[in-house]
Structures are given as structure tokens and as C-alpha cells.
Amino acid sequence: MCAFVCVHVCVRLCVCVCVCVCVCVCVCVCVCVCVCVCVCVCVCVCVCVCVCVRVRPLSHAPGLPCHSSYGYRMAGLCTHALLLAACALPCSSLTPPAQVSPPQQQPLSLALNSSDAGLLLDVPVALRVFSVDYHHVQAPFEIVLWIMLASLAKLGFHWSGRVPAVVPESCLLIMVGLMVGGVIYGVRHSAPPTLSADAFFLFLLPPIVLDAGYFLPGRLFFENLGTILWYAVLGTLWNVMGIGLSLYGVCLLAPESLGDVSLLHCLLFGSLIAAVDPVAVLSVFQEIHVNEQLHILVFGESLLNDAVTVVLYKLFESFLRMPTISGVDVLLGGCRVVVVGLGGLCLGLFFGLLAALTSRFTSRAQVIAPLFVFLYSYLSYLTSEMLHLSGIMAIVTCAVTMKQYVEANVSQRSNTSIQYFLKMWSSVSETLIFIFLGVSTIQDVHMWDWPFVCSTLLLCLLWRALGVLLLTAVVNKLRRNAVTFRDQFIIAYGGLRGAICFSLVFLIDDFPKKRLFITTTIVVILFTVFVQGMTIKPLVELLEVKKRKRALPTVSEEIHSRILDHLLAGIEDVVGYWGQHYWKDKLVLLYYSFLIFTTRWQPTPQFSLVSKCDLHQCSNGRPTKCISCVFEFESGALLPGKNPHPGVPPPQQAPPPGGDGQHQTHTLQEPAQLQQQGRAKAVSAEGHHSIQQCFIINPFLMYSAVHTLIYHHYRLDVQVCLSNAI
Amino acid sequence: MGSRASTLLREEEIEEIKKETGFSHSQITRLYSRFSSLDKGENGTLSREDFQRIPELAINPLGDRIINAFFPESEDQVNFRGFMRTLAHFRPIEDNEKNKDHTASEPLNSRTNKLLFAFRLYDLDRDDKISRDELLQVLRMMVGVNISDEQLGSIADRTIQEADQNGDSSISFNEFIKVLEKVDVEQKMSIRFLH
């Protein structure tokens, strides 16, 4: 009843395709030797896709039996073994498809067929000792298997040596998806499951955007916000109009094949194909390490153009459904852009602030603190989707807003959990998206039309290049740091399209040429991801685009940069110039006001809003102008110079430890001894982060002598900071 | 400019300031109106109290030092020329200036002069060295966190260690320049003075 064929594709990643005789999709993980223990029953069609990751032991030549010592890979092996065991359970069949002959029920000794869920009540004799009920777990089971496939593919990718250096991950994942899709198609002779737009927009996209928003380099983003908005709004409009109108021109030129594509259809198509996709950009740019300004320009644009894309897409769609269109409607459409964008922003702000407030009170239930981050962000996304506002903008704003407060309010462990979960979910999402892109490419019906497809490709590139050139020429006059021609080229070339276009094209109302649109979209996506994705890295090298600074700034640079910031803010105040620093300072003031507001009720050491009264530091001896005046919540110490940590013994006058190995100890050392050692140790990333946090702003006065409270945000891991300063 | 006849700006003065600082005509007039609005006493000079009346400057941790930077040695009043001279440090470096030959006197907004301005923020006693105490003072103003003196001291020592090359436990101006060579000072220390 069972027959399987194992095919090894020996490129370090061995993909075994086992064609068994069952209708279930199981992922069997085989260790080394591809023994697929898949006992399947019944007369149905089964496709088993086994991804075998060849775990190569360090010191053994290939070909030796795999039960040699794996050492630290035992953990991986155990998972594999478990999966193996799970797959050893026979899979029962689903309702057999109509074309298959009625199943000959010949239960093997191990397995039983249950075409109805649950127990078999018609069997007369003995109690079922063992039964299989696939229906019961079908949906989650299949979801988990897809996720498993995606994750194993990603693992395999990272183990495959030189390949990641040349081919970006997204390409490989699409290829895996293509293979899987091809297999499924080959076996079932029908289209494989496609990525449903709902699943994409509601489940797969939010984690990625949340992750992007949470780890957005805030300062850089806001410094370049004007330029980013310029590209996002105007650039997208330019692209949409350009591509839409010129495609219409192409359609007019080829009336035989493209006669029934109207102007509105072309504009609709333009609106969905013109948008740069954050997922694709993120995955490709992550690997090429260009300078931060360039990265934030492309990335910020891809995030913010969602508002424009969403509006234009819905606008043209509703225009298509309306019998007549008047000028008023177009104007209203323009207003909608503003409403959608700002609406998303406000929703995001609202939920972000709520999350900040809530995180304030999580001190007694720290374990669920990370949950609030995810819940509130997702809620903001769903709410804005409900109101047809820009979900991406909402979730990004929510993440950016709540990040500082949440980090201040939750424990270190919760912070780590949040970061790890975000990274994990976004990674899984991204992998799934690309694999599904590959799978969905295998369609039953593709409509191909050379002029349309080729002209779309060309026009996309052309209009983007023109748009970037023109817009940058204008915006460079207003920027401090001009965007160079090389950067412009990378911005234009890095406009990758991805899964958002793909989902949007499926959502179009049916019309004769819809298939053509789908095919064209797929071609454009594949082209941008493969061709542009693979060549951008060599181009960056070739054009000598400025790369990201590898080294962390030194402590001195850190300090001096901050001092310069304060200096500039002060000078701007003197000049009366409402410049960047002015607004930044105002925002910081607002931020701290909110911080005070959220912490007024329950000051506990957890939140560490502390301050230390140090009247000696006041210039001119005037307490009201005391810059670093503070009072301490924790220990109640109000006098300067007192030991802030009563439990910690004051630093010992220990002799300097000899040798480099001692530098790892976390003892406090007298500054005098540092000079004796005279050794400069590299500052680790965390240490650097702590030192950075040391210098986060500071004090500000309430305008009254009585209320000279200066609240300060303390996020310093003292030990790490010290051990790295030593 | 109102009825303050004695404080009207004369054309020759504008020309001189233009030559000295490089500001344009409109920028100078605009800054003059700002100067006049700050000058409550209407005597053509600014005192320290005039600066301290700017609310945001009071909040700025470096506020007092910035104010001090406007006043030349041991003086309590600054006139418009001095005001402009200080502000000239923050003029952006134009492209055509970058390639200009080095004239006898470097323009006020050159990189070196900008760095000198920043250096003087630390170096209160003007001995051309940032000692450990001076650095600690500035750090304390910047940080204000629940960080003890020893911890701040280690950070200060680390900073000096990174910069110090001649082993005198203090940072001289040349060492300061060297430390900041990777930082884009021209861009960081420039304000766009609107026309």
C-alpha cells in the first residue's frame, strides 16, 4: 500500500520527496540517512515533503554512520527524533477526493482509518487501543507544518556555506517555495494553496512591520523624516500616475490583445505595482550594510508609502465600481490620503501611549508584560484596518511611541523577551511570505502577454529612476546632508516589490484581464527580488557606496556628540530659530512630561525614576537654576555624596588585578588604578549601550523654585557599564 | 527698527560684519532684530541676564557655558559685533569655501574654529587643556543619573584614556581634534540661518 521514492538532491541540503499513498502532508525529518518512516494507509494521494538537514559531524567524513558523536547537536537530534516518532504515527486519510475509487479499507495492523472524527462506533468487537484522528487537528497541524517547513528551509540556508554570500535569503526561500509548489502541483494536478490576502494582511504582515517599527533608529528617522515623506508621498504618486498612464498608452498601442484594459484598470494596476515593499527591502538591505542614512531613506519610504498605496488602490477600485466619476471625487480622494495617513498615525499614538501607561503597572506581574506590547500593537493595526486607515503607519507609530516607556518600565528580562519574540515572529513571517510567494507562483492559468509584461518591467524601473532623480534634486536644497548620486542610484535600484503587491492584485474584482495582471505582478516581483536583489550587493561594492560604520563610536565620540547637540540646541534658542534641535528638545520635554505623568502614582525602585540632589553642582549657587538637582525615591537619600546603593559596599582599595583575563571581573576599581593599568579594552556592544544610556538626557526644571524636581530616566546596568569603562 | 535711533545698524557696520563673519545682508539684519528683541535695556549691548531670560536656555544643561561663550574675557556686556562673531562659528561651511585657498586668517566657521569653540565649553580656565575635573563637571551636568562619583570617574577616565596621547591625563586641543576626526563636525555644528 505504501510506496515511496526518495530523491536526494545533494547540495548539502537534501530534499527528499516521498510520494506515498495517502492524502496528508507530513514533514518527516530524516537524520542523515533518508529513512522516511512514514506509514501511511489507505488509498489516497499523499505528498510528503521531507527536508533533511544533513547534520555533519565535525570530525567525521561523510558516509560514516550518523550515530557518531554529535556533541552539541544532540539537541537538534532529539527534536528530529521526536518528529520522526510523530510521523511514524500513521496518518489517516481525509475525505477522499471524488475521482479516487472508494477506499478499500484494509487497515494495517498499526493504523486505522477514521473517516469520521473520533471513535469508530461501528466496529463490533474490541476496544480501539490506538486510533488516529486527523480531522481533529487538521488546521493547526497543517499550519505548523508549513511553519516548520519554512523554518527548516531557513536553517538549511544558513548551513549551506557559500550560498548566502551570493544569493539573498529571499531568493532562496522563493526557490524553495517554487519547488514545493511544483511538487504539490505535480502530484495533485491542481493549483497549490495560494497566499490568501486576508492571511497575509492580518497575520503575516503585522509582525514584520512591528519588528521594523520597534527597532527603528528613531533619531535618524526623525532627522530624515522630511525627505522620507517627500519620497513616500510624492514619489509614490509620481510612480503610480506615471506607470498607470504609460501602461494605458501601451494598451492603446496594442488594441488586439489589450483592448479591454481601461484607463482605470491601468491606474489601479499602477497603484499596486508602484509601491516599494518593506518586507523585500528589509530582507535585502539587511545584508548589504549600506550607510545608515541611505538605509533609513529607502526603508522609511517603504514603510510610509503604505498610506498612499492603500488609498490610491481603494480609490481606483471604488472608481471602477462607480458609474461616473466627477472632479469632486478626485478631490475627495486626495483628502482621503491625508485622513488615512494621519488617522493611522493618531491611532498608533493612542495605542502606544496606552501601552506605555499599562506597562507602568506591570511590576507585579512581570511575566505578562511583553504580552502588552504585542497586544496593543496588533490592536492598533486591526483597528486601523477596520476603519480603512493605514495599518502599517498605525503599528509603526505605536511601536515607536511605546518603545521608550516600555523599556523604562519593564524588567530587563521582559525587555529581552520582547526583543526576541519580535525578531522570531518577524523572521517566521518573512520566511513564510517568501515561501508562499514561490508556491503561489505555480498557478493553473497564467496569461502571458509580451508587450504588457515587458513594458511594465521597463516602466517600473524607468519611472522610479526619474522620480528619484527629480525629487532628490529638489530636496537636496533643503537638506544639510545632500543625497549623492550614488545614493540616489541605490535608492532607485533598491525599490523592490514584494508580497503586498501580490496580495493586492488578488483582491481586484474579477475582470477578463485579471490573470494578466496577476502574471505580470508575479514577474515583476520575481524580477525585482531575484535580479535586483542579487545584483545590488555587487553594485554597492562597485559604486563604492558609503557603507555602515562597523565600529561603534568610542565613548569620547558619544560624549562629545551629545554635548554638541546641547550646544546647538542652545544656540538655536539664542538665535530664535525653530530648527531641528528646537523641535527635538520640545519633543523630549513632552516625552518627559508624559513620563512624569505616568509615574506619579506609584514610584517604586523598579521604575527607577530617581534623581539625586546635588546642590554643589549648581552654578552661581542658585538652587532654582540647579541643573542636576534631584531627589531620590529609592533610598531616601537627599544629601549629596551619600552612597546611592546602601546595600553595596563601597569600592575596595584592591590592587589592580594582573593580566587581561581579570578584566572580566565586575569589581569596582578606584579611578587612580585605572591610570596605572593604562590598558584600553574594547567596549562590548552591551557595555556601549549602557554607557549610551548613561548620557540620555537629563534634567529639566519645572519653572518654580519649590518644584525643582528633575526626573531622570535611569536604565543603567551599572556593572556592565563599569566593567567596560575599566 | 523702531525708535531706537542710537541702535540702528549702519551700512558700514553691516559691510564689516559681512566681511568678518561671512553672513549675508539679510541674515545680518534678521539677527540684528533678534539682538534688539533680546536687548531689554536698549543700550545696544546684551548682558548675562538678557540671555538668561531665554527660557529654553535655562533648561539646557550647558546653558551657562553657552552664555559664557558669548562674552569675551571678563566682560559683562557683549555688543552686536561680538554677538555675530560668536554666531559665525555656526554658519554652515559652503561648498565654495571648502576649496578656497587658505587665506591669512581662517574663516570663523572652519572646522578647526568650530572645534575650538566646543573645546572652550569644557576648558573653563582657558589653559588649553581639558583636565579630569573639568571633564567630570561637564559629565555630571550631562548625566545627572543615579550614578555615583566613582562610576562617573571611570567614564571620565575612559574618555581621557582614549584621547590622551602624551600621557598628561588631560586632553589638549590637538588630541581633541584627533578624537573627533570621525565625527562630522561641520554638519553637526551648523545651523541654517534663514534668509
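Quick caveat, the model's predicted, so the values are computed rather than measured.

## Regarding the overall build of chain A
Each helix and strand counted, chain A has 24 helices and 5 strands in total. Scored against the burial criterion, the 726 residues of chain A give a buried share of 51%. Excluding contacts between residues fewer than 6 apart, the proportion of contacts in chain A whose partners are at least 24 apart in sequence is 73%. A total of about 33,600 Å² of accessible surface is found on chain A, and carbon and sulfur atoms cover 69% of it.

## Description of the confidence of the model for chain A
Residue and element names in this part refer to chain A. Per-residue pLDDT for chain A averages 68, and the proportion of residues at 70 or more is 61%. Averaged over each element, pLDDT in chain A is lowest for strand S4 (residues 609-610) (26) and highest for helix H13 (residues 369-386) (92). Taken as a whole, residues 690-726 scores under 50 in pLDDT and shows 123 contacts with residues more than four places along the chain or in a different chain.

## Details of helix H2 (residues 134-159) of chain A
Residues and elements named next belong to chain A. A bend of about 40° at Pro140 is the largest found in H2. Within H2, the full set of buried residues consists of Tyr134, Leu145, Trp146, Leu149, Ala150, Leu152, Ala153, Lys154, Gly156 and Phe157. A positive backbone phi angle near 70° is found at Gly161, which sits one or two residues after H2.

## Some remarks on unusual backbone geometry
Note: most peptide bonds trans; most residues except glycine with negative phi. Residues and elements named next belong to chain A. Phi is positive for His289, which is not a glycine, with a value near 50°. When you line up the elements, His289 lands in the loop between helix H10 (278-285) and helix H11 (292-321). For His289, a relative accessible area of 25% puts it in the partly exposed group.

## Describing the nonpolar core
Of all hydrophobic cores here, the largest spans 130 residues; its most connected members are Trp146(A), Phe200(A), Leu205(A) and Phe285(A). The greatest single-element share of this core, amounting to 15 residues, is contributed by H11(A). Non-local contacts of Trp146(A), meaning those with residues more than four positions away in its chain, are made with Val180(A), Ile184(A), Pro193(A), Leu432(A), Ile435(A), Phe436(A) and Val439(A). Among the nonpolar cores identified, the runner-up in size contains 62 residues, and Ile563(A), Ile14(B), Tyr32(B) and Leu136(B) belong to it.

## Quick notes on the side chain of Asp306(A)
All names here are of chain A. Residue position: Asp306 is located in helix H11. Here Asp306 sits buried without a salt bridge, and the closest side chain of opposite charge, Lys314, lies 8.4 Å off (N-O distance). For Asp306, the side chain forms a polar contact with the side chain of Ser390, separated by 2.8 Å. With sequence-adjacent residues up to four places away left out, Asp306 is seen in contact with Ser390, Gly391, Ile392 and Met393.

## Brief notes about the packing of aromatic side chains
Two aromatic rings are characterised by how far apart their centres lie and by the angle between their planes. Residue and element names in this part refer to chain B. Following the criterion strictly, the structure yields 31 aromatic pairs over all chains and no others. Summarising the aromatic geometry, the rings of Tyr32 and Phe80 are spaced 4.9 Å apart at their centres and angled 90° between planes, so their arrangement reads as edge-to-face. You can see Tyr32 sitting in helix H2 (residues 25-38) and its partner Phe80 sitting in helix H6 (residues 80-87), a full 48 residues away along the chain. Of the two residues, Tyr32 and Phe80, neither departs from the other in class, the shared state being buried.

Conventions we followed
Residues numbered from 1 in each chain as written. Chains lettered and ligands numbered in written order. Predicted model: local features only at pLDDT ≥ 70, side-chain atom pairs only at ≥ 80, totals over all residues. Heavy atoms only, no water. Helix = DSSP H or I, 4+ residues; strand = E, 2+ residues; numbered from the N terminus. Buried < 20%, exposed > 50% of the residue type's maximum accessible area, 1.4 Å probe, protein only. Contact = heavy atoms within 4.5 Å. Areas by Shrake-Rupley, 256 points an atom, 1.4 Å probe, with all protein chains shown as cover. pLDDT = per-residue confidence, 0-100. Bend = angle between axes of the 7 residues up to and from the residue. Core = buried A, V, L, I, M, F, W, Y, C linked by side-chain atoms within 4.5 Å. Lys, Arg positive; Asp, Glu negative; His and termini not counted. Salt bridge = Lys/Arg side-chain N within 4 Å of Asp/Glu carboxyl O. Polar contact = N/O pair within 3.5 Å; in protein donor to acceptor, adjacent residues only side chain to side chain. Phe/Tyr/Trp six-rings, centres within 6.5 Å; stacked < 30°, edge-to-face > 60°.

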